[in-house]
Amino acid sequence: MGGIRTAGDLVAWMQMTRKMKIVEAKRYVASKLGIDLIDLSNEEVMRQIREDLDIGIITAVAGSAKGIAAKWKIAELLDIEINSVNLFRSKIG
Amino acid sequence: MQDQFFVRMGDGERVLMSVGQIEEDLLTGTQDAAERAEIPALTVDEVEQLLDILTDPSRIVSVAPGEEVVTTDDAVCTLFYLDQDNSGQGIPMSRLQSVLAYERACAADTVSIGHTDYSYKQVKPIINFEKQEYHTASLMTTAPFFYGSQPNMGLYFQPDGPYPNPADLLPKGKIREAQEVQEAAAERLRKDMVFISKNLFEVGCEGINFDTSASAGDADFYATLQAVSQLKRDFSAMAVEVGMSSEFVLGMHGDIQFEGKPLAGMYPHEQVKVVEAAGADIFGPAINVNSSKSIPWNLARAVTFVKATVEVASIPVHPNVGMGVCGVPVFEVPPIDAVTRAAKSLVQIGKADGL
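Rules used in this analysis
- Residues numbered from 1 in each chain as written.
- Chains lettered and ligands numbered in written order.
- Predicted model: local features only at pLDDT ≥ 70, side-chain atom pairs only at ≥ 80, totals over all residues.
- Heavy atoms only, no water.
- Helix = DSSP H or I, 4+ residues; strand = E, 2+ residues; numbered from the N terminus.
- Rg over C-alpha atoms; globule rule 2.2 N^0.38 Å.
- Buried < 20%, exposed > 50% of the residue type's maximum accessible area, 1.4 Å probe, protein only.
- Contact = heavy atoms within 4.5 Å.
- Areas by Shrake-Rupley, 256 points an atom, 1.4 Å probe, with all protein chains shown as cover.
- Lys, Arg positive; Asp, Glu negative; His and termini not counted.
- Charge placed at Lys NZ, Arg CZ, Asp CG, Glu CD.
- Pairing = 2+ DSSP bridges.
- Right-handed = clockwise from strand over helix to strand, strands pointing away.

A few points about the overall build of chain B
1) Next: Assigned secondary structure in chain B consists of 11 helices and nine strands.
2) Next: Rg of the C-alpha trace for chain B: 20 Å, near the compact-globule value of 20 Å for 355 residues, within the 12% margin.
3) Next: With respect to the principal axes defined by its C-alpha atoms, chain B has extents near 60 × 50 × 35 Å.
4) Next: Expressed as a percentage of its 355 residues, the buried residues of chain B come to 59%.
5) Next: For chain B, contacts bridging at least 24 residues in sequence account for 72% of all contacts bridging at least 6.
6) Next: Carbon and sulfur atoms make up 52% of the accessible area of chain B, which totals about 13,700 Å².

Given below as C-alpha cells:
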C-alpha cells in the first residue's frame, strides 16, 4: 500500500492488533483519519495528514516524529496497543 | 485480438502461447486444485478475468486505486546484505540499516528481521544478541516490525540435532519409533519457539512470524500451533503470523491432531482454521509451483486455493509470493511480469487481505 508514504503501516497495524480483514482495516483507518477509502494510498493526501498528525513521514525532516515517538501517536490515533510503545512508556513513566 | 502472448513457464522461461492454450491451462490448473482439495474451481468469469490479467500487454500490471493490500515478509530487508543463497545483493550494510532502508526507501507496509540462519533452533544460543538488535531497531521503526524465523523441525534430528531421524526409522518399518521421536522433537521445538518469542516480547516485540511452518510435516505444524496458543494466551500484545511451507501438510507422523483435527493432509482452507483456532493474527498460505507447467496453470491453481482459504478465514490471509510459490516462477530472479500478475490475480480474484 505504500507503507509510511501513505497509510500502509496504519492498515497493517489493524490487521496485526485486531485481526481485521483488508476492507475492514481500511475502513477503520479511513474513519480515524477522516478521509475517503481511496485516499489511504494517495500520497498527495497522506503526506500532509501524516505531517499534521506527526505520525512519521517518508522524507527526513529533522525534529519530526519517527520511530517510537511516531508509534506512540499511532497507538493513540488508532486506539490500539503496541508492545514496543508499552515498553517505552513503562521506562519513562 | 492478438493470436499469441508471452507467458512464463514455472521455471521462468518465456514462451509464446495462444489464447486457447492459455485458457486450457487455466481450466486444468483450477480443476487440479479443486480435485485435490475438494474445493470449488474458479468460475467461468474468474477464468476470463485471469486470462485478461495474463494477456495484459503491459510488462507490469497492478490493481486499481483503492484495491491495494498490505505486505508482510520474511526478513526481506536482510537480503540487501546477504548472498546469492538467499537471493541477496551483498551490499555492505548493517541489519539496522537494511531495516530502515526497507521501511523508508522501499516504503514497505511492515518490516522484519531474523537471524541469518533463519531457524528458531539457531536463534536460541544468540537470543540476547537478537533481543538487543530488535530493541534498538524497534525504537527507530515506524511501520510494524516483526521478528521472523522458521520452525524447521528437521534440525532437531540427527545428524543436526539430538533425536534419531524419522527418515532413517521409517524405511526400517519402525513406525511407532518414528512417531515418538517426532513427538519429542515437536515438544523441544515448541519450547524453543516460546522461549525465543517470550524473550523478544520482553523487549517490545510487535509481531512474531512463524515462517515456512510444517516443512517437516504434521508434527512440525503441531509444534507451531501449540506455540501460537501459548503465546497468544500469555503475550497477547504481540501479533503472530503463521506462514506455511507448502500447500499440503505432509503426514510424516500421520496420527498427530490439533484440537481433534488430524493435521496430516490438510490443504490451505483447512490449515487456516486450525491456525485461527490457535489464535494467530495473520495466515500465509504457500501454494507449490510446478516448474514444468505454465504460469497460467500454476496461477489458476494458486488462486483457486487462496480464494477458498479467504472465503472461510476470519483472520487476514497473506499468500506467500516469494520465488516458487503462489504462481511466482522457481527462478533466482523472478520475472517481474509474472510476479505482478500473480500479485494482481491473488488480490483481485483470490481476495487476499495482503501478500
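On we go from here.
Brief notes about the overall build of chain A
1) Next: Helices and strands together make up the secondary structure of chain A, namely five helices and zero strands.
2) Next: For chain A, the α and β elements follow one another from N to C terminus as α-α-α-α-α.
3) Next: For chain A, the C-alpha radius of gyration of 13 Å lies close to 12 Å, the compact-globule estimate for 93 residues.
4) Next: Expressed as lengths along the three principal axes of its C-alpha atoms, the size of chain A is roughly 40 × 30 × 20 Å.
5) Next: Here chain A holds 93 residues, and the buried ones make up 53% of them.
6) Next: Contacts in chain A between residues at least 24 apart in sequence constitute 40% of all its contacts with a sequence separation of at least 6.
7) Next: When the accessible surface of chain A is summed, it comes to about 4,200 Å², and 51% of that surface belongs to carbon and sulfur atoms.
8) Next: Charge-centre separation for chain A: the mean point of 14 positive side chains lies 7 Å from the mean point of 12 negative side chains.

Some remarks on the pairing of strand β6 (residues 239-244) of chain B
Residues and elements named next belong to chain B.
1) Next: A large share of β6 lies buried, amounting to six of its six residues.
2) Next: Side chains A239, E241 and G243 project from β6 onto one buried face, and the interleaved V240, V242 and M244 project onto a second face that is buried too.
3) Next: Relative to β6, strand β5 (residues 207-213) is paired through five bridges, and the arrangement is parallel. Residue F210 lies in a different strand from β6, and its bridge partner there is V242.
4) Next: For the segment spanning β5, helix α8 (residues 218-234) and β6, crossover handedness is right-handed.
5) Next: Sheet topology places β6 next to strand β9 (residues 282-284); three bridges connect them, and they run parallel. Bridge assignment links E241 to a residue of β9, and that residue is I282.

A few points about unusual backbone geometry
A negative phi angle characterises most non-glycine residues, just as the trans form characterises most peptide bonds.
Residue and element names in this part refer to chain B.
1) Next: With an omega of 10°, the peptide bond running from Q158 to P159 counts as cis.
2) Next: Inspection of the secondary structure puts P159 in the loop between β4 (145-149) and α6 (166-169).
3) Next: Despite not being glycine, S87 has its phi angle at roughly 60°, a positive value.
4) Next: Residue position: S87 is located in the loop between α2 (44-54) and α3 (95-104).
5) Next: Of note, C326 is a non-glycine position whose phi angle comes to about 50°, a positive value.
6) Next: By relative accessible area, which is 0% here, C326 ends up buried.

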